[in-house]
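Listed below are the residues making up each chain.
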2 protein chains.
Amino acid sequence: MNVEFINPFLVSLINVISTMATIELTPGKPQLKNHDIAKGDVSGLMGMISPKTRGSLSITFEQSLILEIMNNMLGEKPESINEDITDLVGEITNMVTGGAKNLLSEKGYDFDMATPAVVSGKNHTISHKARGKKIMMPFSHKHGNVFIEICFEDV
Amino acid sequence: MNVEFINPFLVSLINVISTMATIELTPGKPQLKNHDIAKGDVSGLMGMISPKTRGSLSITFEQSLILEIMNNMLGEKPESINEDITDLVGEITNMVTGGAKNLLSEKGYDFDMATPAVVSGKNHTISHKARGKKIMMPFSHKHGNVFIEICFEDV
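Fair warning: this is a prediction, and the values are worked out from it, not measured in the lab.

Rules used throughout
- Residues numbered from 1 in each chain as written.
- Chains lettered and ligands numbered in written order.
- Predicted model: local features only at pLDDT ≥ 70, side-chain atom pairs only at ≥ 80, totals over all residues.
- Heavy atoms only, no water.
- Helix = DSSP H or I, 4+ residues; strand = E, 2+ residues; numbered from the N terminus.
- Least-squares fit on C-alpha atoms with pLDDT ≥ 70 in both.
- Contact = heavy atoms within 4.5 Å.
- Polar contact = N/O pair within 3.5 Å; in protein donor to acceptor, adjacent residues only side chain to side chain.
- Axes fitted to C-alpha atoms, helices over the stretch in contact; angles between N-to-C directions.
- Parallel < 35°, antiparallel > 145°, perpendicular 65-115°, else oblique.
- Left-handed = near helix turned anticlockwise from the far one by under 90°.
- Nonpolar A, V, L, I, M, F, W, Y, C, P; charged D, E, K, R; others polar.
- UniProt positions renumbered as here; feature names shortened; annotations may be inferred.
- Buried area = accessible area lost by both parts, 1.4 Å probe.
- Salt bridge = Lys/Arg side-chain N within 4 Å of Asp/Glu carboxyl O.
- Expected span 1.5 Å × (residues − 1).
- Buried < 20%, exposed > 50% of the residue type's maximum accessible area, 1.4 Å probe, protein only.

Engineer: Is there a simple way to think about unusual backbone geometry in this case?
Structural biologist: Comment: phi is negative for the bulk of residues other than glycine, and the bulk of peptide bonds are trans. For Asn123(A), which is not glycine, the phi dihedral falls at a positive 60°. Positionally, Asn123(A) belongs in strand S6 (residues 117-128). The phi dihedral of Thr22(B) falls on the positive side, at around 45°, and the residue is not glycine. Inspection of the secondary structure assignment puts Thr22(B) in the loop between helix H1 (3-21) and strand S1 (26-27).

Engineer: Could you clarify how one ought to interpret the relation of the copies chain B and chain A in this entry?
Structural biologist: Here the second copy of the chain follows from the first by a rotation about an axis and a shift along it. Its rotation angle being 180°, the transformation that places chain B on chain A also includes 0.0 Å of axial translation and leaves an RMSD of 0.0 Å. Read as a symmetry element, the transformation amounts to a two-fold axis. Looking at the rotation axis and the C-alpha trace of chain B, the residue lying nearest is Gly47(B), at 2.2 Å. A shared binding surface is used by both copies, with 100% of the interface residues of chain B retained as interface residues in chain A.

Engineer: Hey, could you run me through the side chain of Ser43(A) in this one?
Structural biologist: All names here are of chain A. Checked against the element boundaries, Ser43 lands in strand S3 (residues 39-49). Within the local environment of Ser43, its side chain forms a polar contact with the side chain of Thr60, the two groups lying 2.7 Å apart. Reaching out from Ser43, the side chain makes a polar contact with the side chain of His124 at a distance of 2.7 Å. If we skip the residues at most four places from it in the chain, Ser43 touches Ile59, Thr60, Val89, Ala117, Val118, Val119, His124 and Ile126.

Engineer: Would you mind showing me how to read the packing of helix H1 (residues 3-21) of chain A against helix H3 (residues 83-106) of chain A here?
Structural biologist: All names here are of chain A. It is the contact of H1 with H3, at a shortest axis distance of 8 Å, that shows an interaxial angle of 135°. Our classification of the angle between H1 and H3 gives oblique. Helix-helix and strand crossings are classified by hand; for H1 and H3 the assignment is right-handed. Contact residues: H1 offers Glu4, Phe5, Pro8, Phe9, Val11, Ser12, Leu13, Val16, Ile17 and Met20, while H3 offers Leu88, Ile92, Met95, Val96, Gly99, Ala100, Leu103 and Leu104. Here the residues of the contact of H1 with H3 sort into 15 nonpolar, 2 polar and 1 charged.

Engineer: Explain the UniProt feature "domain: Chemotaxis phosphatase CheX-like" (unreviewed entry) in chain A here, please?
Structural biologist: Mapped onto this structure's residue numbering, the UniProt feature "domain: Chemotaxis phosphatase CheX-like" (unreviewed entry) falls at residues 42-140 of chain A. Note that residues 42-140 of chain A is 36% helix and 38% strand, and that its end C-alpha atoms are spaced 16 Å apart.

Engineer: Explain the interface of chain B and chain A to me, please; I cannot follow it from the model alone.
Structural biologist: As a measure of interface size, the accessible area lost when the parts come together is often cited. In this assembly, 30 residues from chain B lie in contact with 30 residues from chain A. Both faces considered, chain B and chain A share a buried interface measuring about 2300 Å² in area, 55% of it formed by carbon and sulfur atoms. Together, Ile49(B), Thr115(B) and Lys129(B) form the three largest contributors to the area buried by chain B at its contact with chain A, with a combined 27%. The tally of links between chain B and chain A comes to 2 salt bridges. Asp87(A) is the partner of Lys129(B) in a salt bridge, and the nearest nitrogen-oxygen pair spans 2.6 Å. On inspection of chain B and its partner chain A, the count reaches 10 residue pairs in polar contact (both at pLDDT 80 or more). Elements that contribute at least two residues to the side of chain B that touches chain A include exactly strand S3 (39-49), strand S4 (53-61), helix H3 (83-106), strand S5 (112-113) and strand S6 (117-128) of chain B. The element that contributes the greatest number of residues to the side of chain B that touches chain A is S6(B), accounting for 10 residues.

Engineer: Please clarify how H1(A) should be interpreted in this entry.
Structural biologist: Counting along an α-helix, one turn takes 3.6 residues, and residues three or four places apart therefore face a common direction. Residues and elements named next belong to chain A. Here H1 spans 27 Å end to end across 19 residues, near enough to the 27 Å set by a 1.5 Å rise per residue. Along H1, the positions that sit buried rather than exposed are Phe5, Ile6, Pro8, Phe9, Leu10, Ser12, Leu13, Ile14, Val16, Ile17 and Ala21. The positive-phi residue at the C-terminal boundary of H1 is Thr22, with phi of around 45°.

And the structure:
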């Protein structure tokens, strides 16, 4: 898994959040994930399959940031994570994966997306179990952090 | 989504847990999931794609039950959910989905599996965001409960 493959996900998240909520995320350095774990409060997960690889992606938000995104989009800020927020995280997960899929398709990498599932629970963690390297991409904002993690294995 | 499609997942979970851990789960009645939510402590998630549908599956365990499964398999019982447990839940998710895939293939339904991601976090919930009916299958055991949820949408 190389930078050419990682960057489209990074670019896509920044674009989606900027476009939807006029919030500009600051990307940190993508890193191989070993034992450090991204914790958060609500996560979108997506399975991906291509003829040669398969894998999973997660986008994990801290509550304070996703509530601010909702506030910027709709002018209303729930007190905690409710069904409107999990719907929003599912939609963001679809849009980020779809955006990366389009960017990668232009480079000759094609994959199919499954459908998103959204986890909510204070301080949960996610372990991707594909037999391949796990890449974590951190993003920061004054209202909180968000992490993308992806992992692929050869079929 | 009909019984013919649901039963292979139900049968597969019962078989996998019985074979791996000699624990006999008692299946409850599969139900359309509306607003009642399956809560648990560790979940395996899997994306699935076929030419005509795509969706997601989750298997959510209460901590007490997954620790007992580990104990029956390996004779050791961690005090809480650790990486051995999330590896086990990932493997169970692979085996249950793979078993259902084989049973469904015999009936002419073929799908591809992504790779599992495992969520750990006390009392987390999962919302499947495919645009289709959500089915929940509860299973009980004296050591705790486990739930399968699946959701598919037409492509």
